[in-house]
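# Descriptive analysis of the structure
Residues per chain are reported as follows:
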Amino acid sequence: MVNLSWVNDEIESLKASGRYIPIRVLQSSQGAWVKIDGKNMLNMCSNNYLGLANHPEVKKAAIEAIENFGVGAGAVRSIAGTDEIHRKLEEKLAKFKHMDDSLVYQGGLLANLGTIPVLVGKEDTIFSEELNHASIIDGTRLSSAKRYVFKHMDVADLEKQLKEHRNEGKRALVITDGVFSMDGDIAPLKEIAEVKERYDAMCYVDDAHGEGVLGKNGRGIVDHFSLAGKVEIEMGTFSKALGSMGGFVAGDSNLIDLLRQRARPFLFSSALNPGDAAAVLKSIEIMERDDSLIKKLWKNSDALKKGLVENGFKLTTTKTPITPVVIGNEKATVEFSKALYENENIFASPIVYPTVAMGTARIRLMPSAVHSEDDIKKAVDAFIKTGKKLKIIG
Ligand SMILES: *Cc1c(COP(=O)(O)O)cnc(C)c1O
C-alpha cells in the first residue's frame, strides 16, 4: 500500500484554518424542524424554499410513479432510459418557462457540466460572472472555451470585456447565476441581455435560486424581468424550491435537440428516476395553481431580515429570501453557528472561504414557506442572544 499520510495532513490543515465542515446527519424529513442527534432543531439552512420536499401531494405523485415505472430508469436517456414521464416533464417545463423545449438532467450541476460544452468549444469564448456557481466554472473548464471573468453585478465591465475579446472566438456565451446563492442578490439580467445582443453573444442564466422564488408563480428570473425571448438558455434545478432532485435547461427546440445528441450526462449517465420526475411535475402543478406558498416564503423572509437588521446584524445586499448574516472572521462564524446549534437548537451552517471570499464568512439563513411566524421569531431571538454573548452585536 502506498503511504496516504498526505490525506491526514490535508484534513488537519482544513481543521486548523476553521474550514473543516462538520457533516450533520438528519434523522427526519426536510421541514421547518428537523431531527439531528436525537434533538429537534429549527432548520434554517435548507433550500426547500416552498416545503415541497415533503408535501403530501408531491410524495403521492412520486409513489404513484414508482408503482407505474419502478424505482430506476434502467438506462441512459439515449438508449432505453427515457420514460413518458421525462418527456411530460420536459414539455411542462418548457411551457412554464415560455421556451420551445427543455431537457431534463439528473441534477443542476450536471445540467451545467453537460450543456456548456455543447454551446461553446475551444474556438469560442465565455464571459462568466465572477461569483458564478462552481458547476458553471467546471462546465466552462470542460468546454475548453477561452474564459473572461466580468465583475460581480457589473454590466459595464461585461461590455468592456466583450468589446476587447468578443472577436477572439467564433461563438460567444455570456453566463451568469440569476440569484447569487451566497449573497442573495439578483443579476441585472435585463441589462446583460441588452449588452450580449449588441455583441452577438448567447446568454445563459442559471436560475437555481430563482425558481419558485421570483416571477409569476415562481417562473424564475426571466419572467421576473419580463425577458421571455431575450435569453437563449435558462438552466434550473429541481433540488431547491421544487423539492426533489434533477436539473434542466430550456431553450430553442433545435438547441435542445442538439443537446440530446451531444450532452454527455444525457448520453453517458443513467436517466433521472421516474419518481423524481413525477415529483417535480407535481411541484410545478402546485406552483401554477396557487402562489400562496411563494407569498408566505417572502413574508417570512421579510420578517427575518427586518428582525436581524433592527438588532444590528449586517446582511449582504440580498434581494431574495436568502439571508446571509455576515460575521466576517472564519473562526468566529463557525463558533457562532456552533453556539446556535448547541444552545439554541438552531441548525444554521457557517459559510466560509473558499465558498465565499476570505474575511466575509457568514451564516446563511434560508427561511421557507413552511416556517411559522414563531419559528422566524425564535431564530431572530436566538441570533440576538448569541450575538450579544459573542460580542458580534452591542
Ligand atoms: C444548487 C445549485 C446548482 C446545482 O444544482 P443541483 O441540482 O443541486 O446539482 C447549480 N447552480 C446553482 C447556482 C446552484 O445554486
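Above this text sits the structure in question.
Moving on: the overall build of the chain. What the chain contains, in helices and strands, is 15 helices and 13 strands. In summary, the chain has a C-alpha radius of gyration of 21 Å against a globular reference of 21 Å for 394 residues, a match within 12%. C-alpha atoms of the chain, sized along the principal axes, occupy 60 × 60 × 55 Å. For the chain, with 394 residues in total, the buried portion stands at 54%. The contacts of the chain with a sequence gap of at least 6 include a subset with a gap of at least 24, amounting to 69%. Carbon and sulfur atoms form 52% of the exposed surface of the chain, whose accessible area is close to 18,000 Å². Averaging the locations of the 52 positively and 53 negatively charged side chains of the chain gives two centres separated by 3 Å.

Inspection of the region around the ligand gives 13 residues, with Gly108, Leu109, Asp206, Thr237 and Lys240 positioned closest. Leu109 places a main-chain nitrogen or oxygen 2.9 Å from an oxygen atom of the ligand. Contacts to the ligand include Lys240, whose side-chain N or O atom sits 2.6 Å from an oxygen atom. Bound to the protein, the ligand loses 84% of the 380 Å² it would expose on its own. Split into classes, the residues belonging to the shell around the ligand amount to two nonpolar, eight polar and three charged.

Let's shift gears to the sheet that holds strand S12 (residues 350-351). Spatially, the three strands line up as an open sheet ordered S10-S13-S12, and their pairing is antiparallel. Each of the sheet's edge strands pairs with one partner strand only, and the pair in question is strand S10 (323-328) and S12. Note that S12 and strand S13 (residues 361-365) share two bridges and pair antiparallel. Pairing of Ile351 across the sheet is with Arg362, part of S13. Each of S10 and S13 is contacted by helix H13 (residues 292-310), which is oriented at about 25° to S10, the strand it contacts most.

Basis of the calculations
- Residues numbered from 1 in each chain as written.
- Predicted model: local features only at pLDDT ≥ 70, side-chain atom pairs only at ≥ 80, totals over all residues.
- Heavy atoms only, no water.
- Helix = DSSP H or I, 4+ residues; strand = E, 2+ residues; numbered from the N terminus.
- Rg over C-alpha atoms; globule rule 2.2 N^0.38 Å.
- Buried < 20%, exposed > 50% of the residue type's maximum accessible area, 1.4 Å probe, protein only.
- Contact = heavy atoms within 4.5 Å.
- Areas by Shrake-Rupley, 256 points an atom, 1.4 Å probe, with all protein chains shown as cover.
- Lys, Arg positive; Asp, Glu negative; His and termini not counted.
- Charge placed at Lys NZ, Arg CZ, Asp CG, Glu CD.
- Near = heavy atom within 4 Å.
- Polar contact = N/O pair within 3.5 Å; in protein donor to acceptor, adjacent residues only side chain to side chain.
- Nonpolar A, V, L, I, M, F, W, Y, C, P; charged D, E, K, R; others polar.
- Pairing = 2+ DSSP bridges.
- Axes fitted to C-alpha atoms, helices over the stretch in contact; angles between N-to-C directions.

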